[in-house]
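# Examination of the molecular architecture
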Amino acid sequence: MLDFPRWKVWLTAITCILGVLLAVPSLMPERMTAGLPGFANQRINLGLDLAGGSQLLLEAKTEDVARQRLEQMEDSIRRQMRAASPRIEITEVSTAGGSLAFSVRNPAQVSEAAQVARAQTQPAGTLGAADWDVRIEGNRVTMTQTEAGLADAIDRDMNVATEVVRRRIDELGTREPTIIRQGSNRIVVQVPGLENPQQLRALLGRTARLDFKMVDLTATPEQLASGRGPVGSQVLPLQEGGRIAVTRRAIVTGDRIVDASQQYDQQTNEPEVVIRFDGAGSRAFARVTSENVGRPFAIVLDNVVLSAPRINEPILGGSARITGSFTVESANELAIALRSGSLPVDLSIVQEQSVGPELGRESIRKGVTAGVVATSLVLLFMLLTYGRFGVYANIALVLNALLILAVMAIFNSSLTLPGIAGFVLTIGAAVDANVIINERIREEQRRGRRIMDALEHGYNEARTAIFDANITNVIAGVLLFYFGSGPVRGFALVLIIGIVTSVFTAVTVTRMFVSIWLRKRPQQLVI
């Protein structure tokens, strides 16, 4: 028992002191710790159920991914066939049934056309299969999306969508949102402390795909009424009502936007959105507007034409204004969406949950009350039952609670209501190790062993049982964290951290206290 080297004493003491220092900021108001450096001001974030806020479950429309890929492939095939040398004439292009099919006018060019089509495919999946299957039937070539290719496309789009959602929420100025993917086509968004959940709902429900396209003036009223524009054009609805034909190919797309802000029209004083393009977007916009003076162009947002102004003169400044029936809030929301980028896939809100801050404060009060009562009863029990050893166990118990807070602060974890339950449960479970150790020492003393031998055998024998029991608990906690979601993960996280810290404090810290005392008064230490 005396074999507790000085380096180990210092290492254990430094670990406990650092843990206490890192836990203190989480127990104090933010205004009191504002002056501390960043590494010393790590705090635990309160979860949605404690701080209040909103939780949304977003689901992607995966059928849109297949449709978009089909449209992109059609444009690519038409472009590549025209660029082939000699040019490959294709007819009867069809996208029915989710496949792209076209006929080759010259039968001698069918193989070359299929080769061009295969050049547009990419490897997909772990086995390296192509993302499109290309087949030849007579003079007709059919391209069909493979499951692996579609799955890869959905995965890429969902990763991009998750990042876009994160950027949009960051623009709201919220603190520590939780944004994670759930399954293949869902995103869970938790924003603690959000005071305006409707703003979040409107912001995340907007795709914000912005395009600048030329208006097709050749479209007839019959084509506009039927919704089928001339070749190379499409018919879109106008925001104020009616329909208009625009070219399928955009002059400039939203990915060329580097900034967007809400401002006011100098003449009408109505809210508007001013956007600024990057270098390539500015050059493209200037070139097209220079070549089409006198013609109208359309500003298209999510397949709705906001306005179709006439190009009176070349627009060379690299910026443009978007006007419409905006309020200050809607113009600001659009500016945020454009700054953060468009969603590659439409997201719909399938579940929404809001928690008021009053309910969160009540949850914190009840959770803290439960923790204080449970801890106080445990401390009193240990003190009355084991005397000095109970004092050591109580010190270890307090250190264990502070170390849990410190570890959670270091990893920037969020504390939820189930997490508080896990915290209280960990406090109770932490005492089990001290009870096992102390009862084992008493048993050795009853057998007639000397104090030093009883302590040595008590700690050594109890340590095996403690490690075995806690390893199984850690395994259960890891499985809960891996397979669970939301509140279950919060409970499991605190449970895992608490188990590790409780073993450290119950076995190592108390042993250090006993060792130091025993070196000074070896005959006075009796349980």
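Our subject is the structure listed above.
These figures come from a predicted structure and were not determined experimentally.

## Digging into the pattern of salt bridges
Side-chain pairs of opposite charge can arise whenever the charged atoms involved come near each other. Applying the stated criterion across every chain, the model contains 21 salt bridges. Taking the shortest distance from any N to any O, the salt bridge between arginine 69 and aspartate 131 comes out at 3.3 Å. With arginine 69 in helix H4 (residues 62-83) and aspartate 131 in the loop between strand E6 (129-130) and strand E7 (132-137), the pair connects residues that are 62 residues apart, well separated along the chain. As far as burial versus exposure is concerned, arginine 69 and aspartate 131 are alike and both buried. One salt bridge in this structure joins glutamate 74 and arginine 78, with 3.3 Å as the shortest N-O distance. One end of the pair is glutamate 74 and the other is arginine 78, both in helix H4 and four residues apart, which spans about a single turn. Within this structure, Arg440, Glu443, Glu444, Arg447 and Arg449 form a network of salt bridges that share partners.

## Brief notes about the sheet that holds strand E3 (residues 90-94)
Pairing is antiparallel across the open sheet formed by four strands, whose spatial order is E3-E4-E8-E7. Every interior strand has two partners, whereas the edge strands, E3 and E7, have only one. Strand after strand, the sheet turns through a mean of 20° between neighbouring axes, direction not considered. As defined by bridge partners, E3 adjoins strand E4 (residues 99-104) across three bridges and the pair is classed as antiparallel. Each bridged residue has a counterpart across the sheet, and for serine 94 the counterpart in E4 is alanine 101. Across the sheet, H4 is in contact with E3, E4, E7 and strand E8 (140-145); its angle to E4 comes to roughly 20°. In the packing of helix H5 (residues 110-119) onto the sheet, the strands contacted are E4, E7 and E8, and the crossing angle to E7 comes to about 175°.

## Brief notes about H5
Within the sequence span of H5, burial applies to Val110, Ala113, Ala114, Val116 and Ala117. Buried residues of H5 fall within an arc of 160° about the axis and therefore sit on the same side. Summarising the geometry of H5, the exposed residues directed more than 90 degrees from the buried face are Ser111, Gln115 and Ala119. Packing partners of the buried residues in H5 comprise H4, E4, E7 and E8.

## Regarding empty space enclosed by the protein
Going through the model one piece at a time under the given rule, you end up with two cavities of 30 Å³ or more. Of the volumes computed, that of the largest cavity is approximately 40 Å³. Phe389, Tyr392, Ala393, Asn434, Ile437, Asn438, Tyr459, Ala506 and Thr510 are the residues that line the largest cavity. The set of elements that each furnish at least two residues to the lining of the largest cavity consists of helix H12 (388-410), helix H13 (417-446) and helix H15 (487-520).

Reading the values: rules and limits
- Residues numbered from 1 in each chain as written.
- Predicted model: local features only at pLDDT ≥ 70, side-chain atom pairs only at ≥ 80, totals over all residues.
- Heavy atoms only, no water.
- Salt bridge = Lys/Arg side-chain N within 4 Å of Asp/Glu carboxyl O.
- Helix = DSSP H or I, 4+ residues; strand = E, 2+ residues; numbered from the N terminus.
- Buried < 20%, exposed > 50% of the residue type's maximum accessible area, 1.4 Å probe, protein only.
- Pairing = 2+ DSSP bridges.
- Axes fitted to C-alpha atoms, helices over the stretch in contact; angles between N-to-C directions.
- Contact = heavy atoms within 4.5 Å.
- Arc of directions from axis to C-beta.
- 1 Å grid on protein atoms, 1.4 Å probe; cavity = no way out; pocket = protein on both sides within 12 Å on 5 of 7 lines; lining within 4 Å.
- Points joined across faces, edges and corners; volume = space filled by probe spheres on them.

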